[in-house]
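Reading the structure
Here is what each chain is made of, one letter per residue.
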Amino acid sequence: MSGIRILIVEDDPFIAMDIESAVSEELGDAAELIVVESVSQARRAADLPLSCALLDIDVIGGKTFAFAASLRARGTPLAFVSGSAPSEVPPELRDVRFVRKPFSAGELGRFVSKVVNKA
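Predicted model, so just to flag it, every value in this text is computed and none were measured.

Focus on the nonpolar core
Ranked by size, the top nonpolar core spans 23 residues in total, and within it L7, V9, L55, F67, L71 and F80 carry the most contacts. When contributions to this core are tallied by element, the ones reaching two or more residues are β1 (4–9), β2 (31–36), α2 (39–45), β3 (52–55), α3 (65–74) and β6 (78–82). Among the elements that take part in this core, α3 stands out by supplying four residues, more than any other. If we skip the residues at most four places from it in the chain, L7 touches I34, V36, A42, A45, L50, C52, A53, L54 and F67. Counting 19 residues, the second-largest nonpolar core is a separate cluster that includes I4, A79, V99 and V116.

Spelled out as structure tokens, the structure:
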């Protein structure tokens with residue numbers, strides 16, 4: 001599983017640590033975790049090939065919907081990890097996996113493992 005790169009876009013440092021922990025528990029040291037807190041940082045991080053992205057909806061710099069659409073267009077697996085309501089997601093992105101906060105570490109880990117192991 002080398003070369004796995006997971007992008008986490010989350011502006012709450014404690015939640016970001018929980019997400020990191022859930023992913024690390026599932027994938028171990030094989031995955032490089034890139035944690036950013038803003039839409040602009042996420043765009044820069046996406047210049048690198050990504051195995052998967054976990055996006056909060058409301059972060060510094062706005063909502064991540066346009067960024068999510070660009071990732072999906074590139075074929076990058078992603079999920080929203082958010083306290084927002086799923087109904088807030090635009091219709092064109094409603095097929096994206098939605099993990100509601102507070103999330104289950106096991107659910108998040110299984111999602112990442114499934115999409116990473118498919119690639």
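A short note on the packing of aromatic side chains
A complete count under the given rule lists one aromatic pair for this structure. Ring plane angle 80 degrees and centroid distance 5.8 Å describe the contact between F65 and F80, whose orientation is recorded as edge-to-face. Of this pair, F65 sits in helix α3 while F80 sits in strand β6; the two residues are 15 residues apart in sequence, bridging distant segments of the chain. F65 sits in the buried class, given a relative accessible area of 14%.

Conventions and cut-offs
- Residues numbered from 1 in each chain as written.
- Predicted model: local features only at pLDDT ≥ 70, side-chain atom pairs only at ≥ 80, totals over all residues.
- Heavy atoms only, no water.
- Core = buried A, V, L, I, M, F, W, Y, C linked by side-chain atoms within 4.5 Å.
- Buried < 20%, exposed > 50% of the residue type's maximum accessible area, 1.4 Å probe, protein only.
- Helix = DSSP H or I, 4+ residues; strand = E, 2+ residues; numbered from the N terminus.
- Contact = heavy atoms within 4.5 Å.
- Phe/Tyr/Trp six-rings, centres within 6.5 Å; stacked < 30°, edge-to-face > 60°.

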